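# Understanding the architecture of this molecule
For reference, the chains in residue letters:
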Amino acid sequence: MRTASQTLFAAAVCVTLPVVASAQSWSDQPVKPAEHTDEVAVSYEDGGIYYNEDDIPTYNASEDGTVDWMTFSGFRRYHSECHVCHGPDGEGSTYAPKIKNSAVHMDYYDFYDVVVNGRQNGNSVMPHFGDNPNVMCYLNDIYVYLKARGMDAVPRGRPAKKEAKSDLIREMEDACMG
C-alpha cells in the first residue's frame, strides 16, 4: 500500500517528466521574442562588436535591414560549416535539429561548450569543432547570427545590408586565422 507521500511523489514525477523531457531539446521549444528582448538588447558597442548587459556578444539589426558585421559574418560562416547538418538559416534538417531556437534558449557558455566539445544524445551526435579554426575563429559570429535568426530579427537568406568590418574585428580575425 502506498503512503500519501509516495503517491504525491509519483504524481509529481508524472507531471514534471514531460516538461523535463521537452527541456532537453532546446531546438524544439518555440521562441517568443518578447520574452527574450532583455537578453539580446544592445548595452554597448566596442569596435563594431555589440554586447548585451552581461557582456555577451549580441546582434544589432536596424529597421532598414542593416545588420552588424558579426551577424553578416555569422551567416557566411554558419552556411560554410554548420548548414550541411543543421539546414539553411538554422532551420534544421532531417539529420540535425534547428539551432536558431537553441541559440536563444541555451546559455552562451553552454552553446560554446557544445560546439567546442560536441555532445551525444542517444544516436544523435554533434561532433566537436574545438580544433577547427573556420568555426572557432568565428564562433561568436555564428552565435550572434543564430540568436538573431531565433529572435526573428533577421529573415532567412543572406542579409542584404551590413555594417563595414571594423579594424578591431579584422585584427581579431587575422590573429586567430594566422
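Here, every reference points to the structure presented above.
Here's a quick rundown of the structure.

Rules of the game
- Residues numbered from 1 in each chain as written.
- Predicted model: local features only at pLDDT ≥ 70, side-chain atom pairs only at ≥ 80, totals over all residues.
- Heavy atoms only, no water.
- Helix = DSSP H or I, 4+ residues; strand = E, 2+ residues; numbered from the N terminus.
- Expected span 1.5 Å × (residues − 1).
- Buried < 20%, exposed > 50% of the residue type's maximum accessible area, 1.4 Å probe, protein only.
- Polar contact = N/O pair within 3.5 Å; in protein donor to acceptor, adjacent residues only side chain to side chain.
- Pairing = 2+ DSSP bridges.
- Salt bridge = Lys/Arg side-chain N within 4 Å of Asp/Glu carboxyl O.
- Core = buried A, V, L, I, M, F, W, Y, C linked by side-chain atoms within 4.5 Å.
- Contact = heavy atoms within 4.5 Å.

### Quick look at helix α3 (residues 69-81)
- Under the 1.5 Å per step criterion, the end-to-end length of α3 is 18 Å for 13 residues, consistent within 8% with the ideal 18 Å.
- Those residues of α3 lying buried are Trp 69, Met 70, Thr 71, Phe 72, Ser 73, Gly 74, Phe 75, Arg 77 and Tyr 78.
- You can read the cap of α3 off the contacts: a side-chain oxygen lies 3.2 Å from the backbone nitrogen of Met 70, and it is on Asp 68.

### Quick look at the sheet that holds strand β2 (residues 49-51)
- If you trace the 3 strands from one edge of the open sheet to the other, you get β1-β2-β3, paired in antiparallel fashion. Only two strands of the sheet have a single partner each, and these edge strands are β1 (44-46) and β3 (57-58).
- Direction of pairing for β2 relative to β3: antiparallel, over a ladder of 2 bridges. Bridge pairing in β3 links Tyr 50 to Thr 58.

### Observations regarding the pattern of salt bridges
- Scanning the model with the defined rule gives 5 salt bridges in all.
- The residue Arg 156 makes a salt bridge to Asp 89 at a minimum N-O spacing of 3.0 Å. Of this pair, Arg 156 sits in the loop between α8 (139-150) and β7 (161-162) while Asp 89 is found in the loop between α4 (83-86) and α5 (100-105), placing the two residues 67 residues apart along the sequence.
- Of the residues examined, Asp 89 reaches a relative accessible area of 6% and is grouped as buried.

### Here we look at the nonpolar core
- Among the nonpolar cores identified, the biggest contains 31 residues, and Tyr 59, Tyr 78, Phe 111, Ile 142, Tyr 143, Tyr 145 and Leu 146 are the most heavily contacted of them.
- Put simply, the parts of the chain that give this core at least two residues each are β2, α3, α5, α6 (108-117) and α8.
- Looking at which element gives the most residues to this core, the answer is α8, with 7 residues.
- Other than its neighbours up to four places away in sequence, Tyr 145 contacts Thr 71, Gly 74, Phe 75, Tyr 78, His 79, Asp 89 and Val 154.

### Some thoughts on α8
- Relative to the 16 Å expected for 12 residues at 1.5 Å per residue, α8 spans 16 Å between its end C-alpha atoms, a close match to the ideal helical length.
- α8 sits mainly inside the fold: 11 of its 12 residues count as buried.
- Burial in α8 covers these residues: Leu 139, Asp 141, Ile 142, Tyr 143, Val 144, Tyr 145, Leu 146, Lys 147, Ala 148, Arg 149 and Gly 150.
- Residue Asp 152 follows α8 closely and has a positive phi angle near 60°.

Read these as geometric descriptors, not functional statements.
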